[in-house]
Amino acid sequence: MRTLTLLAVLAGLTACVAPTPTKSVVVVHPDGAGLQVDPVNKRIDFGRSPKGVVPAMDRELGRHSALRLEGCPVGIVQQLQWNDLVLTFTQERFVGWRNGTGRQGQTCA
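Residues numbered from 1 in each chain as written. Predicted model: local features only at pLDDT ≥ 70, side-chain atom pairs only at ≥ 80, totals over all residues. Heavy atoms only, no water.

**Comments concerning the packing of aromatic side chains**
Next up, step 1: Within this structure, the stated rule accounts for 2 aromatic pairs.
Next up, step 2: Here Phe89 and Phe94 contribute two aromatic rings whose centre-to-centre distance is 5.7 Å and whose plane-to-plane angle is 45°, an arrangement assigned as tilted. As far as burial versus exposure is concerned, Phe89 and Phe94 are alike and both buried.
Next up, step 3: Through pairs of rings, three or more aromatic residues link up here, namely Phe46, Phe89 and Phe94. (Phe/Tyr/Trp six-rings, centres within 6.5 Å; stacked < 30°, edge-to-face > 60°. Buried < 20%, exposed > 50% of the residue type's maximum accessible area, 1.4 Å probe, protein only.)

**Re helix α2 (residues 50–61)**
Next up, step 1: Between the first and last C-alpha of α2 there are 16 Å, a value that for 12 residues agrees with the 16 Å anticipated at 1.5 Å per step.
Next up, step 2: Within α2, burial applies to Pro50, Val53, Val54, Ala56, Met57 and Asp58.
Next up, step 3: Tucked into the core, α2 has its buried residues touching β1 (27–31), β2 (34–38), β3 (42–45), β5 (78–82), β6 (85–89) and β7 (94–98).
Next up, step 4: Of the residues flanking the start of α2, the one acting as N-cap is Ser49, its side-chain oxygen 3.1 Å from the backbone nitrogen of Lys51. (Helix = DSSP H or I, 4+ residues; strand = E, 2+ residues; numbered from the N terminus. Expected span 1.5 Å × (residues − 1). Contact = heavy atoms within 4.5 Å. Polar contact = N/O pair within 3.5 Å; in protein donor to acceptor, adjacent residues only side chain to side chain.)

These figures come from the coordinates and say nothing about function on their own.
Structure below.
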């Protein structure tokens, strides 16, 4: 009887385990106006608030890394990196990106 009870409890506990999160299939394409997000066909254009851009990027690409601000133009207060993509922000706006193949907007050296 105890064995059946123990098995029932264990079966119930395994049902409560959260599923493993799946990796996003979203691809971010930087361009002259900001970022194109595919396959959902959404845009993250320059001028958007960091409060909206950063959580969306973290959700789709994983947690960002903060970079130092050395070599940044006046007004840049954040430089955040997701893999090889680096976004720059003023206090209120997304203002630039750079990656291994190019850059657009206000970016740091």
